[in-house]
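What the coordinates show
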Amino acid sequence: MSSAEQIAKHARAAGNILKTISDENRSKILYNIHDGLAEARAEIEQANKVDLDEAKKTGLADSMVKRLDLFKGDKFEVMLQGIKDVADLEDPVGKVKMARQIDEGLMLYQVTAPVGVLLVIFESRPEVIANITALSIKSGNAGILKGGKESVNTFRAMAKVVNETIAKYQEETGVPVGAVQLVETREDISDLLKQDEYIDLVVPRGSNSLVRQIKNTTKIPVLGHADGICSIYVDSAADLEKAKRIVLDAKTNYPAGCNAMEALLINPQFPQWDEVLLHLIEEGGVTIHATPDVKEKFLQKLEKDGKLTDNIKSKIVDANEAEDFDKEFLSLDCAVKFIPNTTGAIQHINEHSSKHTEAIITENEEDAEKFLKGIDSSGVYWNASTRFADGFRYGFGTEVGISTSKIHARGPVGLDGLVTYQYQIRGNGQIASDYLGAGGKKAFVHKDLDVKNITL
């Protein structure tokens, strides 16, 4: 038996135990893990510095370095809070979604249940260890986690804390050690992707090449998104201050994020569209990749108003229309195009976006509703930044990832996306052959019941 098969079988066995453990004990171990990571902050930070130094030496892309830095701003504290937030969420397992009386003394229930075993493969972001550990345990799923080589030292430091904490409190909580397994070698991953008998769902967190590679090399269902090509449409009825604030935030708050704006579509009938672009350049340092008509009119407007400096001019470049509107820049760059109306914006976005998150800025409710209904993406916003596309901001505690799929889970995937359901029948000796359709004469009642007050 290969090591990958052993890991997968161990996870399956642990998952079968984990799903029977009370929500109280699943939440308790998460608080223990939170405390363990908080106490080990110094060791984890030192390990993260080693990874960052190595990443800079090897020329790792700037966007990847930013994701790798676990202690930039309040990222570490937010990660820790996310564990507690997940622990405090309502138990997603065992919820009655449907109750139906089939006959007297014969009840049918649709009940939420864990997916089973999750394989999560991620690049750069070491906080994923805490995120997935919390989500998988809370939802009753076993988790197998594989980090990228660029975060190996941070990964080891955090994995040590998680494993030791689960082992320390196993007797008290019942959570088995194999509930979360952390693997390092690339060979294990290629073998794990073949373990469709034991692993139920793969969640890739990283570059589009990583996601595509995994989707092409496994039979296991994959939850994820390859790109984050998010667009914002500034309508002719937009409020200038809202437009300036939203566009700047969506592009510059975290350019390396998959929910950052990559394409800005502007209705040329919006009288102050040039001020939105100028604000993006002056306040955000953004380079505008403009189509010919946008570039020409923008430069003319700036020159007429006496605002065309060499610095601003250097931030206005020609858009490659064959590529830039289908591109995830992950930097302070943005493709800009004129779109004459909301219908045109919907058509452009549905053709070019990655189905992640899009937004319209307008005070026209009719156009807003048309946009919200017409866009074929997992997230669609009205007068709000695309940066809100995040499990933490949605109140999910944290997220396992973003899904642009239309099956099972979509958008930021939190606890609800990590449970499926099963049908339970609770009877009293009934057999099918007594009923119509199986040789009998009895008719079914099929009476739906209110699930609000039903607990199993």
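Residues numbered from 1 in each chain as written. Predicted model: local features only at pLDDT ≥ 70, side-chain atom pairs only at ≥ 80, totals over all residues. Heavy atoms only, no water.

This brings us to the packing of helix H15 (residues 342-352) against helix H16 (residues 365-374). Close contact between H15 and H16 brings their axes to 10 Å; oriented N to C, the two are set at 20°. The angle between H15 and H16 places the two elements in the roughly parallel class. Read as a crossing pair, H15 and H16 show a hand that is right-handed. Between H15, through Thr 342, Thr 343, Ile 346, Ile 349 and Asn 350, and H16, the contact on the second element is made entirely by Asp 367, Lys 370, Phe 371 and Gly 374. Looking at the contact of H15 with H16 residue by residue, the class counts come to three nonpolar, four polar and two charged. (Axes fitted to C-alpha atoms, helices over the stretch in contact; angles between N-to-C directions. Helix = DSSP H or I, 4+ residues; strand = E, 2+ residues; numbered from the N terminus. Parallel < 35°, antiparallel > 145°, perpendicular 65-115°, else oblique. Left-handed = near helix turned anticlockwise from the far one by under 90°. Contact = heavy atoms within 4.5 Å. Nonpolar A, V, L, I, M, F, W, Y, C, P; charged D, E, K, R; others polar.)

Moving on: the pairing of strand E13 (residues 379-382). Side chains Gly 379 and Tyr 381 of E13 all project onto a buried face; the interleaved residues Val 380 and Trp 382 project onto a face where none is buried. Sheet topology places strand E12 (residues 357-361) next to E13; four bridges connect them, and they run parallel. Paired with Glu 358 across the bridge in E13 is Val 380. A crossover connection joins E12 to the parallel E13 through H16; in handedness this β-α-β unit is right-handed. (Buried < 20%, exposed > 50% of the residue type's maximum accessible area, 1.4 Å probe, protein only. Pairing = 2+ DSSP bridges. Right-handed = clockwise from strand over helix to strand, strands pointing away.)

Okay, the environment of Ala 87 next. As for its placement among the helices and strands, Ala 87 is situated in helix H5 (residues 75-88). Judged by relative accessible area, which is 4%, Ala 87 ranks as buried. A sequence separation of 60 residues divides Ala 87 from Ser 27, and the C-alpha atoms of the two residues are 4.6 Å apart. With near-sequence residues (within four places) excluded, Ala 87 lies in contact with Ser 27, Leu 30, Tyr 31 and Lys 138.

With that out of the way, let us pick up the nonpolar core. Membership of the largest hydrophobic core comes to 48 residues, with the highest contact counts inside it found for Leu 30, Leu 37 and Ile 44. Looking at this core, the elements that each hand over two or more residues are helix H2 (23-39), helix H3 (41-57), H5, strand E3 (117-122), helix H6 (128-138), helix H7 (152-168), strand E5 (180-183) and strand E6 (201-205). Those residues in contact with Leu 37, other than ones at most four positions away along the chain, are Ile 44, Phe 76, Met 79, Leu 80, Ile 83, Ala 130, Met 158 and Val 161. The next biggest cluster of nonpolar side chains, apart from the first, holds 36 residues, and it includes Ile 246, Leu 264, Ala 290 and Cys 334. (Core = buried A, V, L, I, M, F, W, Y, C linked by side-chain atoms within 4.5 Å.)

Considering the arrangement of structural elements, one finds Glu 127 in the loop between E3 and H6. If we skip the residues at most four places from it in the chain, Glu 127 touches Arg 67, Leu 70, Lys 75 and Met 79.

Once that is clear, we can look at H16. Where H16 is concerned, the buried positions are Asp 367, Ala 368 and Phe 371. Within H16, the buried residues cover an arc of 100° as seen down the axis, which keeps them to one side. Facing away from the buried side of H16 by over 90 degrees, the exposed positions are Glu 365, Glu 366 and Lys 373. The inward-facing, buried residues of H16 contact strand E7 (230-234), H15, E12 and E13. The opening residue of H16, the one whose side-chain oxygen lies 3.0 Å from the backbone nitrogen of Glu 366, is Asn 364. (Arc of directions from axis to C-beta. Polar contact = N/O pair within 3.5 Å; in protein donor to acceptor, adjacent residues only side chain to side chain.)

If you trace the four strands from one edge of the open sheet to the other, you get E5-E4-E3-E6, paired in parallel fashion. With partners counted over all chains shown, the strands left at the sheet margins are E5 and E6, one partner each. In this sheet, adjacent strand axes meet at a mean angle of 15° when their direction is disregarded. Strand contacts of helix H1 (residues 3-18): E3, strand E4 (142-146) and E5, with the helix running at about 145° to E4, the strand carrying the most contacts.

Attention now goes to the packing of aromatic side chains. In the structure shown here, the tally under the stated rule is six aromatic pairs. Taken together, a centroid distance of 6.1 Å and an interplanar angle of 40° make the contact between Phe 122 and Phe 155 tilted. One end of the pair, Phe 122, is in strand E3; the other, Phe 155, is in helix H7, and 33 residues separate them in sequence. The class for Phe 155 is buried, based on a relative accessible area of 4%. Aromatic side chains Trp 273 and Phe 298 sit 6.0 Å apart centroid to centroid with 50° between the ring planes, which places their arrangement in the tilted category. In this pair, Trp 273 is assigned in helix H12 (residues 273-284) and Phe 298 in helix H13 (residues 292-304), connecting sequence segments 25 residues apart. For Phe 298, a relative accessible area of 1% translates into the label buried. Chaining the aromatic ring pairs together yields one cluster made of Trp 273, Phe 298 and Phe 338. (Phe/Tyr/Trp six-rings, centres within 6.5 Å; stacked < 30°, edge-to-face > 60°.)

Below, the discussion takes up the sheet that holds strand E1 (residues 96-103). Pairing in this open sheet of four strands is antiparallel, and the strands run E16-E2-E1-E17 from one edge to the other. Each of the sheet's edge strands pairs with one partner strand only, and the pair in question is strand E16 (419-426) and strand E17 (447-449). This sheet shows a mean twist of 25° between the axes of neighbouring strands, independent of strand direction. Bridging between E1 and strand E2 (residues 106-114) involves six bridges; their strand directions are antiparallel. Each bridged residue has a counterpart across the sheet, and for Val 96 the counterpart in E2 is Val 111.

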